[in-house]
Amino acid sequence: MELPQRALPTLPKLGSTVDPNIDVQAVANSWTCQRVVDLLLDDVWWRDMLALTWDFHTFEGKNAVSKFLEDQLKVAEPQLHTFRLRQDLVQLLRPYEDIAWIQAFFDFDTNVGHASGVFRLVPLPDGSWKAHLVYTNLENLKGFPELIGSLRNYEPNHGKWAAKREREMEFLDEEPTVVVVGGGQAGLGIAARLKMLGLNALVVERNERIGDNWRKRYAALCLHDPGTIHMPYLPFPPSWPVFTPALKLADWLESYAHSLELNVWTSATVVSIMKETGDSGKRWSVRVERGDGRKRTFKVNHVVFALGFGSGVPRIPDIPGQERPSFKGQILHSSKHKLARDHSGQKVVVIGSGTSDVTMVQRSPTYVMSAKQGLPRLFCNALFWDGGPPTDIADRINGSFPNYLAALVQQRVTKAIAEADKEILDGLRKVGFKLTFGENGCGFRIAAFQRAGGYYLARGTSNKFTPTGLLFEDGSTLDADVIVFATGYGDARTAYYELIKDADLHDKIQPIWGLDEEGELNSVWREIGGRGKKGQELAGLWCGVGNLAYCRFHSKHLALQIKAWEENILGVRYPPGN
């Protein structure tokens with residue numbers, strides 16, 4: 001996918017310089033006291049998350065932003081008397097030698113919610129400052145605050161807690177408002193957010209224990225996210241390692257569900273999701289079967305699919321001869337790999353060159369970076385690293401960058417990582433490993449959003465299996481006892497098709513991953529039917545997936561929309577392409 005021609009607001013491009021002693025407070029205050037559209041660059045970006053559009057939108061260019069503001073200010077009714085500049089969060093930043101902007105945070109109210117925002121001002125040759133970026137974000141709903149802090153339960157509980165929790169978890173006294181399919185970090189984060197908004201959610205997890213989605217993976221697995229990235233409401237202890245072992249995270253997630261008193265059914269499976277046709281007044285009928293044979297059907301308005309990257313459906317290329325009796329050895333997907341010593345003394349061939357770990361078969365080039373050099377730079381140049389800002393601030397700074405604008409920054413980050421990793425990359429090239437800097441030189445950021453993680457690019461080059469291994473297109477062969485497909489996951493919608501039993505709804509499910517025309521993710525943290533009239537038939541079916549940072553931040557966006565719908569205050573979504 002080719003990105004349109006865009007550029008960062010560099011000082012040479014602007015024809016400007018910056019006085020390092022400039023009074024940033026005065027500049028920021030001056031900007032907030034004038035008519036917004038008069039203070040925008042021609043190539044301004046405005047990203048909104050629910051606050052003004054009830055959706056995720058990115059508007060690019062002054063004309064598009066002006067049209068959006070003209071349409072939506074009269075709908076969302078932002079209240080000017082509530083506007084407050086966060087004086088403690090105004091600063092001049094120099095992310096690169098040729099870039100300077102004043103970044104400031106602000107708060108304001110709309111007709112239904114409390115919102116926050118970020119703007120970045122860049123200098124012009126005449127000494128004035130205009131906005132290159134504005135970001136607005138819905139934080140809370142008026143009248144429906146999160147039940148935390150001073151709003152938590154103050155009533156003493158003498159000997160009744162265990163029995164009360166048992167009834168809650170079994171839903172003996174009330175039905176859930178939301179069914180969440182999947183009990184990984186996304187499902188638990190969503191359930192926690194909903195609970196703090198007073199909504200009852202049931203998390204259905206097919207594994208025997210919460211955390212098994214991490215616990216049952218390969219033994220050497222360790223997260224690439226630093227320990228500063230955590231779940232909603234419950235940060236990791238300050239002694240937490242920078243990179244979390246998978247088994248440690250698994251136990252933490254299990255503890256998280258217990259500590260936040262989330263209602264989880266393990267060893268349970270959602271076997272069908274169908275349109276509710278009865279007189280319940282609900283939108284969806286969800287049938288759940290438990291490991292002990294018990295069955296139950298819930299009538300709900302909302303179902304959240306929290307199925308993980310690729311929805312856990314491995315992609316295995318269709319290569320002739322892989323069914324017995326042709327190949328005599330073992331074939332497995334990397335998701336089933338546990339320990340290297342399981343294959344001690346055997347010839348192992350890996351097809352694909354993604355992040356799974358031996359002879360490797362590679363056709364397409366792969367983006368490679370070292371954890372040492374890449375991760376500190378990749379996580380927004382210390383935004384989520386030790387010494388970075390508080391998590392809530394880091395989340396909003398990160399969220400404020402539209403994906404296509406962030407791609408321009410990532411081009412610079414990718415180049416810096418490659419320079420730091422030169423010795424490693426040169427060594428790989430010498431042995432014939434095919435490298436790429438990702439789409440448009442953006443590393444894996446755009447690839448991640450387009451292909452559910454960007455964790456593989458290879459497809460394999462073999463023509464067919466032989467009884468003893470692989471036959472390649474050039475006629476050469478490779479013997480193997482074990483062949484591992486490190487080829488990632490397939491279309492995430494496959495699992496959705498299996499659960500949604502109304503086949504006529506399948507073509508209405510939008511791609512889960514990939515970026516829309518504005519650069520926003522198609523279905524992640526949104527309803528899976530898209531924004532058109534056709535998508536209304538899937539209203540109430542949501543997708544939640546991502547790493548810990550995305551799950552922490554965007555789970556609240558999803559929960560706020562569900563709460564607003566339940567309270568009948570959800571406004572009309574601003575349509576794309578206006």
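Every value quoted in this text rests on a predicted model; they were computed, and no experiment measured them.

A. Main features of the overall build of the chain. A tally of helices and strands in the chain yields 14 helices and 23 strands. Over its C-alpha atoms the chain spans a radius of gyration of 25 Å, differing by no more than 12% from the 25 Å that the globule rule assigns to 578 residues. Dimensions of the chain, computed from the C-alpha atoms along their principal axes, are close to 75 × 65 × 50 Å. Across the 578 residues in the chain, those meeting the buried criterion constitute 53%. Taking the average location of the 67 positive side-chain charges in the chain and that of its 67 negative ones, the two points are 3 Å from each other.

B. Summary view of the sheet that holds strand β8 (residues 201–204). Taken together, 5 strands build an open sheet; the order of strands is β11-β8-β7-β15-β23 and the sheet is parallel. For this open sheet the edge positions go to β11 (263–265) and β23 (541–543), each flanked by a neighbour on one side alone. This sheet shows a mean twist of 25° between the axes of neighbouring strands, independent of strand direction. Sheet analysis places strand β7 (residues 178–181) next to strand β15 (residues 302–305), joined by 4 bridges and oriented parallel. When the sheet's bridge partners are listed, V181 is paired in β15 with F305.

C. How the structure looks around the packing of helix α5 (residues 185–196) against helix α14 (residues 548–566). Their axes nearest at 8 Å, the elements α5 and α14 cross at an angle of 45°. Between α5 and α14, the angle is such that the two are oblique. Seen from above, α5 lies across α14 with right-handed handedness. Every residue of α14 that contacts α5 at Q185, A186, G189, I190, R193 and L194 is listed here: L548, C551, R552, S555, K556, L558, A559 and I562.

D. Structural view of the sheet that holds strand β13 (residues 284–290). The strand order across the open sheet formed by 3 strands is β12-β13-β14, and the pairing between neighbours is antiparallel. Taken across any chain shown, the strands that pair with only one partner, and hence form the sheet edges, are β12 (268–275) and β14 (295–300). Each strand of the sheet is rotated relative to its neighbour by a mean of 20°, with strand direction disregarded. Relative to β14, β13 is paired through 6 bridges, and the arrangement is antiparallel. In the strand pairing of β14, E289 is matched with K295.

E. Quick peek at the environment of V264. By secondary structure assignment, the location of V264 is in strand β11. The buried category is assigned to V264, whose relative accessible area is 15%. Put simply, V264 and S128 are 136 residues apart on the chain and 55 Å apart in space, counted from C-alpha to C-alpha. Each residue touching V264, except ones within four places of it in the same chain, is listed here: L188, V203, I210 and A257.

Procedures and definitions
- Here the residue numbering is sequential within each chain, running from 1 through the sequence in written order.
- For a predicted model such as this one, the threshold for reporting local features is a pLDDT of at least 70, and the threshold for listing and counting side-chain atom pairs is 80 or more; totals across whole chains, interfaces and linings nevertheless cover every residue.
- Think of the side-chain values as coming from all heavy atoms in the structure, minus any hydrogens and water.
- In this text, helices come from DSSP runs of H or I with a minimum length of four residues, and strands from runs of E with a minimum of two, each type numbered from the N-terminal end.
- The atom set for the radius of gyration is the C-alpha atoms, and the globule formula is 2.2 Å times the number of residues raised to the power 0.38.
- Classification of residues uses two cut-offs on accessible area relative to the type maximum, computed with a 1.4 Å probe and protein chains only: under 20% is buried, over 50% is exposed, and between them is partly exposed.
- Charge assignment: positive for Lys and Arg, negative for Asp and Glu; neither His nor the chain ends contribute.
- Every charge is mapped to an atom, namely NZ of Lys, CZ of Arg, CG of Asp or CD of Glu.
- Strands qualify as paired when DSSP identifies two bridges or more between them.
- For helices, the axis comes from a line fit to the C-alpha atoms of the stretch in contact; other axes are also lines fit to C-alpha atoms, and the angle between any two N-to-C directions lies between 0 and 180 degrees.
- Working rule for angles: under 35 degrees goes down as roughly parallel, over 145 as roughly antiparallel, 65 to 115 as roughly perpendicular, anything else as oblique.
- Helix crossings are classified by the rotation of the near helix relative to the far one: an anticlockwise turn of less than a right angle makes the crossing left-handed, while a clockwise turn makes it right-handed.
- Residue contacts are counted whenever heavy atoms from the two residues lie within 4.5 Å of one another.

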